[in-house]
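What the coordinates show
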Amino acid sequence: FFFFQAEDGIRDHCVTGVQTCALPISQTSYQLLFGTVQPVGDQGVSFLVQASDGNTYNLTADCNAGTIDGVAPNSAAQAELLNAACQVAFGSPS
């Protein structure tokens, strides 16, 4: 499943005026924090993910090489996370 609400965002009831937007990655315990996705050069991306335990992790990906933090995904869940971050940063391939 994918949840995506880029235009409106999700109002965080704990912080007045702050919008957070999360993109849960199916078959993982991670949510890609949409607003943190930043292209780096013409093929890289940096982003934050939030785990189900509440911890937040800063990751980088190389969309051309297909790596997260310099390592190839070792599971379908990591590959989905990589794909989602790259699509948010650069759009879907045409």
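Quick note: structure is the one above.
Here the structure is a predicted model, which means the values were calculated and not measured.

**Overview of the layout of surface pockets**
Counted as a void, the largest pocket has a volume near 190 Å³. Residue lining of the largest pocket: 13 residues in total, with Tyr30, Leu59, Ile68, Gln78 and Leu81 positioned closest to the centre. Examining the composition of the lining of the largest pocket, we find that 3 residues originate from one element, helix 1 (residues 76-90), more than from any other. Grouping the constituent residues of the lining of the largest pocket by class yields 9 nonpolar, 3 polar and 1 charged.

**Thoughts on the environment of Asn55**
Along the chain, the position of Asn55 falls in the loop between strand 6 (44-51) and strand 7 (56-62). C-alpha separation for the pair Asn55 and Tyr30, spaced 25 residues apart in sequence, amounts to 9.7 Å. In contact with Asn55, other than residues within four places in its own chain, are Val49 and Gln50.

**Considerations on the environment of Gly54**
Its location among the elements puts Gly54 in the loop between strand 6 and strand 7. The class for Gly54 is partly exposed, based on a relative accessible area of 41%. When the C-alpha positions of Gly54 and Tyr30 are compared, they lie 9.5 Å apart, and in sequence the two are 24 residues distant.

**Notes on helix 1**
The end-to-end C-alpha distance of helix 1 is 21 Å, a good match for the 21 Å that 15 residues give at a rise of 1.5 Å each. Along helix 1, the positions that sit buried rather than exposed are Leu81, Leu82, Ala84, Ala85, Cys86 and Ala89. Note on helix 1: the residue one or two positions beyond its end, Gly91, has a positive phi of about 85 degrees.

Basis of the calculations
- Residues numbered from 1 in each chain as written.
- Predicted model: local features only at pLDDT ≥ 70, side-chain atom pairs only at ≥ 80, totals over all residues.
- Heavy atoms only, no water.
- 1 Å grid on protein atoms, 1.4 Å probe; cavity = no way out; pocket = protein on both sides within 12 Å on 5 of 7 lines; lining within 4 Å.
- Points joined across faces, edges and corners; volume = space filled by probe spheres on them.
- Helix = DSSP H or I, 4+ residues; strand = E, 2+ residues; numbered from the N terminus.
- Nonpolar A, V, L, I, M, F, W, Y, C, P; charged D, E, K, R; others polar.
- Contact = heavy atoms within 4.5 Å.
- Buried < 20%, exposed > 50% of the residue type's maximum accessible area, 1.4 Å probe, protein only.
- Expected span 1.5 Å × (residues − 1).

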